[in-house]
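Summary of structural features
The primary structure of each chain is shown beneath.
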Amino acid sequence: MHRTPTPLPAFILASLLFLGSNSSETYAAQFGNLDFEQAAVSGYQPPRIPATNALPCWTADLDGSAQSQVWADSVGLDVTSITLMNDLELMNAFYGCVPPPIQGHNSVVLYGCAPGVNPPGWPHVATLSQTGDFPADAKTIQFYVRDPFGYSQPDWMHPILLVNDEMIDLYPISTSNKVTLMAGDISRFASVTGQVTFVADGTGIPGWEDVYELDTISFSQQTLADLGERNGIEFV
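Notes on the structure follow. Computed from a prediction, not measured in an experiment: that's the story for all the values here.

What follows deals with the overall build of the protein. Broken down by element type, the protein carries four helices and 14 strands. The burial tally for the protein puts 49% of its 236 residues in the buried class. Carbon and sulfur atoms make up 54% of the accessible area of the protein, which amounts to about 10600 Å² in all.

Shown next, in the form of structure tokens:
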């Protein structure tokens, strides 16, 4: 079972296409900081810190506009945002990370709110993007997600993944301690230079919120069939 994402607004797709087409011509390297552990936050005070320190290798956008700062340790209610959840320096400097990261010392929360939920004039779509070379043997992309507010299967947790601006069907593979392992087939992108974009889209319906905590992204030689067989799932 999987969720078919609602198409993104045209201006968001256009901005992502522009970034992807330019990046693939000028940048080719391994994807980096896929577990968000390269954050360099010592000496910075929440609630906001430079995006380049919080999320090395990544570009943080709200409604297609690159952000120079992101939130730290505090997930606001009803506000489109990108937040680094860190349990080390920032915890000591401020009031701690609620919730703690999924794994390691850092996770990222993507939060998209609909018109009528956000403050007037606030953006509605949060994206986190990176360009690099997909491994030659990559069959699936896998990552962990969780509701940052502590529910096990919230209606508002709908991660969206774009690869080179193409929506990838995502499947929940397993859930433990309210953390879900998601996977999608990216075999057609093996050995290709391209862009990965995680999206929280708040433009669905009035009152809509799309929020999830993201961690530990990886490329795997396992196919969806392999994952399904191991976890007792039949993909249709």
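Once that is clear, we can look at the sheet that holds strand S1 (residues 48–50). Strands sit in the order S1-S4-S5-S6-S14-S8-S12-S11 across an open sheet of eight strands; the sheet is mixed. Each edge of the sheet is formed by a strand with only one pairing partner; in this case those strands are S1 and strand S11 (171–176). Between one strand axis and the next, the sheet turns by 35° as a mean value, whatever way the strands run.

Turning to the packing of aromatic side chains, a few remarks are in order. Overall, the coordinates contain seven aromatic pairs when judged by the stated rule. Judged by centre distance (5.0 Å) and plane angle (55°), the ring pair of Phe-31 and Phe-134 falls under tilted. In this pair, Phe-31 sits in the loop between helix H1 (10–26) and S1 while Phe-134 sits in the loop between strand S7 (125–133) and strand S8 (140–146), placing the two residues 103 residues apart along the sequence. Taken individually, Phe-31 and Phe-134 each receive the classification buried, so the pair is uniform in this respect. Measuring from ring centre to ring centre gives 5.0 Å for Phe-143 and Phe-198, while their planes differ by 85°; the resulting arrangement is edge-to-face.

All right, on to the pattern of salt bridges then. Across all of its chains, the model carries two salt bridges by this definition. The salt bridge involving Glu-213 is made with Arg-146; its shortest N-O contact spans 2.9 Å. Taken together, the positions of Glu-213 in strand S14 (residues 209–220) and Arg-146 in strand S8 put the pair 67 residues apart, joining distant regions of the chain. For the pair formed by Glu-213 and Arg-146, the shared burial category is buried.

About the thresholds
- Residues numbered from 1 in each chain as written.
- Predicted model: local features only at pLDDT ≥ 70, side-chain atom pairs only at ≥ 80, totals over all residues.
- Heavy atoms only, no water.
- Helix = DSSP H or I, 4+ residues; strand = E, 2+ residues; numbered from the N terminus.
- Buried < 20%, exposed > 50% of the residue type's maximum accessible area, 1.4 Å probe, protein only.
- Areas by Shrake-Rupley, 256 points an atom, 1.4 Å probe, with all protein chains shown as cover.
- Pairing = 2+ DSSP bridges.
- Axes fitted to C-alpha atoms, helices over the stretch in contact; angles between N-to-C directions.
- Phe/Tyr/Trp six-rings, centres within 6.5 Å; stacked < 30°, edge-to-face > 60°.
- Salt bridge = Lys/Arg side-chain N within 4 Å of Asp/Glu carboxyl O.

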